[in-house]
Amino acid sequence: MNTRTKTRFIRWASILMCALTLVGAFSVSAAAAQASTVSATISPDITVKVDGKIQTFFVADGTQVYPVIYNSTTYLPLRAIGELMNKNVNWDQSTLTVTLSGTRTAPATTGVRDVNPVQQAIQAQLRPDFTIVVDGVSRTFTDTQGKTVYPMLYNGTTYLPLRAVGELMGKTVSWDAATRTASLSSSGNLVTDADSFGKVPGTAQTPPQTNVPGNGAGAYIGEEKAKSIALNHAGLTESQVTFIKAKLDFDDGRWEYDVEFYTASHQEYDYKIDALTGAILKFDYDIEDWSVTQQNTNASQIGIDKAKTIAVNHAGLSGSQVIFVKAELDYDDGRWVYEIEFVSGTWEYECVIDAYSGAVLAYERESIYD
């Protein structure tokens, strides 16, 4: 073999080796991006607290879901976490991408809590091929040793490790093994040496810059729109009510409209409406003049079961959708009433019912996150 032929041989051999190396690299990369099936455990006994509040997780169809344990790591459902972050959650099947973005427009997911949840072994998938994008930024996550951790998929729900969830929410994660409680909490005050903390009465509250119109978060709906939303929900018109209050207020980290009005029959309504989305965050009404539902003391009381049925029907629910917290007969303000409290999904309901006529005297619905 002459020198020229030998040079050509060496050149082509080098090219072939580079090609084989690239093929091998692509093969390893493709293998690394493939889903793998792992054994995990659904753990209803784990309590999750966010800023001190116990959280209940539901998938979009209202089914309750629980933390999942895999390889001694707690995983939480991503869509429900996005809801806590007040973000919209989108799935793109073509790119296998979960996106959390914007200010949430959908209401809080409601569902029926499991009465007897059980721990169970499951087969789930680790999905290194899933991409998590938060406000336009693709995110990757690592464990305490710096090793990359991937999203988990089970029964159509994407889960992320607790530590990764803490990163997304900007919260500190802690674990109490004695009570099996995972806590995500804000870092707290910069100053700890003070007589009191929080907004001083009489001072102005500065709105968070992430929620003001003109910065991409959207414009406020306005007082008139908020009043219209409240009236429509109550089934009333403006000519039937007298407004007590309709103002923009900052409460619990967000801007909302506080709308109050009453009718000629002495029913007083109180609404809190999200200033950006128009979602009803809380509402209640009371019959201020108790004499409008005079009791017939010659009649029989309707009974606890009938009162519970009236309360649930008034909320637009069925008995199978609620868990009763309180149902008792009480004597209040010169009359016998039933006090009924129950939970459905992420909402708590309170109802006061005339013990003789069955009239709903007071009613309130409030999110458990409030």
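Residues numbered from 1 in each chain as written. Predicted model: local features only at pLDDT ≥ 70, side-chain atom pairs only at ≥ 80, totals over all residues. Heavy atoms only, no water.

Participant: Explain the pattern of salt bridges to me, using residue names and the numbers behind them.
Facilitator: Tallied over the entire structure, the rule returns 17 salt bridges. Across the pair Asp 51 and Lys 171 runs a salt bridge whose closest N-O atoms are separated by 2.8 Å. Separated by 120 residues along the polypeptide, Asp 51 in the loop between strand S2 (47-50) and strand S3 (53-54) and Lys 171 in the loop between helix H3 (162-169) and strand S17 (172-176) bring together distant segments of the chain. What makes Asp 51 partly exposed here is its relative accessible area of 40%. The class of Lys 171 is buried, set by a relative accessible area of 18%. Of the charged contacts in the structure, one is a salt bridge between Lys 282 and Glu 364, with a shortest N-O distance of 3.5 Å. Here Glu 364 lies in strand S26 (residues 360-367) and Lys 282 lies in strand S22 (residues 280-287), a separation of 82 residues in the sequence. (Salt bridge = Lys/Arg side-chain N within 4 Å of Asp/Glu carboxyl O. Helix = DSSP H or I, 4+ residues; strand = E, 2+ residues; numbered from the N terminus. Buried < 20%, exposed > 50% of the residue type's maximum accessible area, 1.4 Å probe, protein only.)

Participant: Run through the packing of aromatic side chains, naming residues and quoting values.
Facilitator: One pass over the structure, following the stated rule, counts 10 aromatic pairs. Where Tyr 271 meets Phe 283, the ring centres are 5.6 Å apart and the plane angle is 20°; that geometry is what we call stacked. Of this pair, Tyr 271 sits in strand S21 (residues 267-274) while Phe 283 sits in strand S22; the two residues are 12 residues apart in sequence, bridging distant segments of the chain. A relative accessible area of 2% places Tyr 271 in the buried class. Among the residues examined, Phe 283 registers a relative accessible area of 8% and is labelled buried. With 6.4 Å between their ring centres and 40° between their planes, Tyr 349 and Tyr 363 make a pair best called tilted. Residue Tyr 349 is found in strand S25 (residues 347-354), and its partner Tyr 363 is found in strand S26; the two are separated by 14 residues along the sequence. Grouping residues by exposure puts Tyr 349 and Tyr 363 together as buried. In textbook terms, an aromatic cluster arises when at least three aromatic residues are bridged by ring pairs, as seen for Phe 243, Phe 261, Tyr 269, Tyr 271, Phe 283, Phe 324, Phe 342, Tyr 349 and Tyr 363. Cation over ring: Lys 227 sits above Phe 243, and NZ or CZ is 4.4 Å from the ring centre. Its guanidinium or amino end placed over the ring of Trp 347, Arg 365 lies 3.8 Å from that ring's centre, counting from NZ or CZ. (Phe/Tyr/Trp six-rings, centres within 6.5 Å; stacked < 30°, edge-to-face > 60°. Lys NZ or Arg CZ within 6 Å of the ring centre and 35° of its normal.)

Participant: Before we move on, can you summarise the sheet that holds strand S18 (residues 181-185) with the specific residues and values?
Facilitator: Judged by pairing direction, the sheet is mixed, and its four strands sit side by side in the order S3-S2-S18-S17 without closing on themselves. The open sheet has two edge strands, S3 and S17, and neither has a second partner. Pairing geometry for S2 and S3, over two bridges, is antiparallel. Pairing of Lys 49 across the sheet is with Ile 54, part of S3. Across the face of the sheet, H3 comes into contact with S2, S17 and S18 while running at roughly 20° to S18. (Pairing = 2+ DSSP bridges. Contact = heavy atoms within 4.5 Å. Axes fitted to C-alpha atoms, helices over the stretch in contact; angles between N-to-C directions.)

Participant: Run through the confidence of the model for the chain, naming residues and quoting values.
Facilitator: Residues of the chain with pLDDT of at least 70 account for 79%, and the chain-wide mean is 80. Confidence scores differ between elements of the chain, with helix H1 (residues 3-32) showing the lowest mean pLDDT of 54 and strand S15 (residues 152-154) the highest of 95. Taken together, the stretch residues 25-31 has pLDDT below 50 and engages in zero contacts with residues farther than four places along the chain or on a different chain. (pLDDT = per-residue confidence, 0-100.)

Participant: Would you mind going over the layout of surface pockets in detail, with residue names and values included?
Facilitator: Space inside the second largest pocket adds up to approximately 540 Å³. Lining the second largest pocket are 21 residues, with Asn 71, Thr 73, Asp 143, Val 149 and Pro 161 positioned closest to its centre. Listed by contribution, the elements that provide at least two residues to the lining of the second largest pocket are strand S7 (73-77), strand S14 (148-149), H3 and S17. Classifying every residue of the lining of the second largest pocket gives 10 nonpolar, eight polar and three charged. (1 Å grid on protein atoms, 1.4 Å probe; cavity = no way out; pocket = protein on both sides within 12 Å on 5 of 7 lines; lining within 4 Å. Points joined across faces, edges and corners; volume = space filled by probe spheres on them. Nonpolar A, V, L, I, M, F, W, Y, C, P; charged D, E, K, R; others polar.)

Participant: Could you give an account of unusual backbone geometry, with specific residues and numbers?
Facilitator: Most peptide bonds are trans, and most residues other than glycine sit at a negative phi. Here the phi dihedral of Ser 72 falls at roughly 65°; this positive angle occurs in a residue that is not glycine. Residue position: Ser 72 is located in the loop between strand S6 (68-70) and S7. Among the residues examined, Ser 72 registers a relative accessible area of 76% and is labelled exposed.

Participant: Give a detailed account of the pairing of strand S20 (residues 254-263), specifying residues and quantitative values.
Facilitator: Counting buried positions along S20 yields eight of 10 residues, so the element is predominantly enclosed. Examined bridge by bridge, strand S19 (residues 241-251) and S20 share 10 bridges and lie antiparallel to one another. For Ala 246, the partnering residue across the bridge sits in S20 and is Val 259. Connecting S19 to the antiparallel partner S20 that follows it, the hairpin turn spans two residues, and Asp 252 within it adopts a positive phi of roughly 55°. Sheet topology note: the S20/S21 ladder contains seven bridges and is antiparallel. Its bridge partner being in S21, Val 259 is matched across the sheet by Tyr 271. Linkage of S20 to S21, two consecutive antiparallel strands, is achieved through a turn of three residues, within which His 266 is found at a positive phi near 70°.

Participant: Now, about the sheet that holds strand S8 (residues 88-92): what can you tell me, with residues and values included?
Facilitator: Pairing in this open sheet of four strands is mixed, and the strands run S8-S9-S11-S12 from one edge to the other. Two strands close off the open sheet at either side, each with one partner strand: S8 and strand S12 (137-139). This sheet shows a mean twist of 25° between the axes of neighbouring strands, independent of strand direction. When strand S9 (residues 97-101) meets strand S11 (residues 131-134), the two strands line up parallel, connected through four bridges. By the bridge assignment, Val 98 is partnered in S11 with Ile 132.

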